[in-house]
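Okay, here's what each chain looks like letter by letter:
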Amino acid sequence: MRAGWAAYVVGALVALVALSEIAARRADLNHDEGWYLYAARQVNAGRVPYQDFFFTQPPVMPHVYAYFDDVVREHGLLGARRITAGLALVAVIIGGVLAARLAPPGCGTAAFVWALLLGVSSLFQIQYSAVVKTYSLTSLFLVLGLLAFIEGQLRERAVWLGFAAVFLAAATATRLSAGAAILVLLLSLGACPPRFRARAVLVFLPMLAVALGILILPALRAHPDGFMEGVVRFHAARDAGGAGDLLLFKAGFIARTLQNYLLLILLGLGAWLVRLVLAWRHSPAPAVTRNPGFLPVLAAVGAVTAVHLAAPFPYDDYQVFLFPAAVALVGAGLARVSAYWVHQMTGRKNYEPVEILLPARFQRAATGLLAAGALIALGGSPLWADWFVYGRDTIWWLRKPESPVASLQAAARDLAAISDPASPVLTQDLYLAVEANRSVPRGWELGPFSVFPDLDAERADRLRVLSPAHLDRILDNPAVTAAAISGYTLAIAAPTVTPFPAERREAWLNALEARFEPVGDPRHPFGQAHTTLQLYRRRGSAPAAEPAPPPEPPPEPEPEPGPEPDPGAEGPEPEGDPPPEDAPEADG
């Protein structure tokens, strides 16, 4: 790699690391972070998802993050965000490798560098790659699976397809929508040469079945009803309203995706249009610019996007785990179109696979323009303001008094000071419980989505969630001596994700205040959506024990009595300087 390429690579990686660190500190808190980390802590303690606590994603993420629980206990949410950003950084680098593999011969380095530069083009992506969700881990598994799959196809090596099956199964067992990519890739095996097709299918399918069985089957067997309720029915039960609301959600998903990844989408569409123009004005693309793996990867990204668009609430951050594959496609696509154009401009008529070297002047110009475009797209993101302000008061912006992570750390210290480490804390802000190293009562493990108002107590017990009867009982549980109440407490009715009945919420909060007394001043803004947080201690309970003071040093022994000194006798001069006149007398 030439020095010019290396400078771009180092610059892109340094920018990604620096921006990820800023995002880890400045990005707003998200309730998903709380229950993902709390689920990992439960797994680390030997509990099983769905059987011992309710969980709404496949089981891989809490098992992976359980290995980092000691880091989270010591460094809190900030440590977990750094781990998450590190996984995303590795995924983007592997996306660059995938771009090089999909590029024409002689264009791999350019495609790799262009993919990395595109990785710095979206501040939205950088933020949600640091927030503790399933996205970073899923993207790492997915892009590894795609790379292994393409290697297996291009080299006709079935062992690579076995690796691909394992990684793709891990991605699906982390976030279920990634499974759409598996169906597309499986169909693409039909385009393999006949001599390799049967061997490819006979390796890919069994390895996929074995990997999915190992990753998902134990959790499914432990609690089939809880697994299906959390992974499937919980998401399908969301109420999107009427047809008009549904169309509005879909349009919003498309519009926000375009805004968040504008440069990436424009370059991808632009490369495709240039390729069509070249084919129309000159001739079909030469064989050297074609790659049989490009279309399967493109179809896989499209299939997962279609699944996201079909969701009742298609949030735009669903697309985050597709980003490394997307930058690989666009980086390779730019290299393919450039090679096509060079092939036409040099007057080549031979379409056999030959080495294509992009002119050095073209490479410098294209890379410089791409880097400038990435910086412009990065600087124009509206998220910069969100990192430092939290709203407006008429015409004045409201500046955050401290970073969201610093606010969480301060609130966690206050909560730890009024609570017993051995007693659960009554809160639906699970990132606060994780930061303070406190547990929550059984059934509260899903934070704001823990309460199912339409369930009876027996059904709720089986699913490890809360019914209205549980809400009344928990207030009288003497083991719960502290509470942390925010604007998200009893705000959402699960699984429909509709507003919790206002009169029922008010009655419960009144009952809580009859049993608990507020401690300290309310904290605002706090947490997701910048609500107000109030800490409580159970009335009549003793405050948490203060740390014991250090023990007093033992008194010096009294000197044994001796003969009285003769006042007139002269003795040796004492060594050292004489004590000052105002020195205190020695004890004893």
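Note that the coordinates shown come from a computational prediction; the quantities given were computed from them, not determined experimentally.

A. Focus on the side chain of arginine 459. Structurally, arginine 459 is set in helix 20 (residues 457-463). The class for arginine 459 is buried, based on a relative accessible area of 18%. The contacts of arginine 459, once residues within four sequence positions are left out, are Asp225, Glu229 and Arg233.

B. Fine view of the side chain of threonine 84. With respect to the helices and strands, threonine 84 occurs in helix 4 (residues 69-102). With a relative accessible area of 0%, threonine 84 lands in the buried category.

C. A look at the environment of valine 434. By the element assignment, valine 434 lies in helix 19 (residues 430-435). Counting along the chain gives 399 residues from valine 434 to tryptophan 35, while the straight-line C-alpha distance between them is 8.8 Å.

D. Here's a closer look at helix 8 (residues 158-172). Taking 1.5 Å as the rise per residue, helix 8 with 15 residues should run 21 Å; its terminal C-alpha atoms sit 21 Å apart, in good agreement. The complete set of buried residues in helix 8 reads Ala158, Leu161, Gly162, Ala164, Ala165, Leu168, Ala169, Ala170, Ala171 and Thr172.

E. Here's a closer look at empty space enclosed by the protein. A full pass over the atoms with the stated rule returns two cavities of 30 Å³ or more. Put simply, the largest cavity is a space of about 130 Å³. Lining the largest cavity are 17 residues, and of these Leu16, Ala88, Leu89, Val92 and Ser129 lie nearest its centre. Of all the secondary structure elements, the ones that give two or more residues to the lining of the largest cavity are helix 1 (3-26), helix 4, helix 6 (123-130), helix 7 (135-155) and helix 15 (323-345).

F. Molecular detail of the pattern of salt bridges. As enumerated under the stated definition, the model contains 21 salt bridges in all. Taking the shortest distance from any N to any O, the salt bridge between arginine 25 and glutamate 21 comes out at 2.8 Å. Taken together, the positions of arginine 25 and glutamate 21, both in helix 1 and four residues apart, correspond to about one turn of that helix. With relative accessibility at 38%, the residue arginine 25 sits in the partly exposed group. For glutamate 21, a relative accessible area of 26% corresponds to the partly exposed category.

Parameters at a glance
- Residues numbered from 1 in each chain as written.
- Predicted model: local features only at pLDDT ≥ 70, side-chain atom pairs only at ≥ 80, totals over all residues.
- Heavy atoms only, no water.
- Helix = DSSP H or I, 4+ residues; strand = E, 2+ residues; numbered from the N terminus.
- Buried < 20%, exposed > 50% of the residue type's maximum accessible area, 1.4 Å probe, protein only.
- Contact = heavy atoms within 4.5 Å.
- Expected span 1.5 Å × (residues − 1).
- 1 Å grid on protein atoms, 1.4 Å probe; cavity = no way out; pocket = protein on both sides within 12 Å on 5 of 7 lines; lining within 4 Å.
- Points joined across faces, edges and corners; volume = space filled by probe spheres on them.
- Salt bridge = Lys/Arg side-chain N within 4 Å of Asp/Glu carboxyl O.

Without other data, these values stay purely geometric and don't point to any function.
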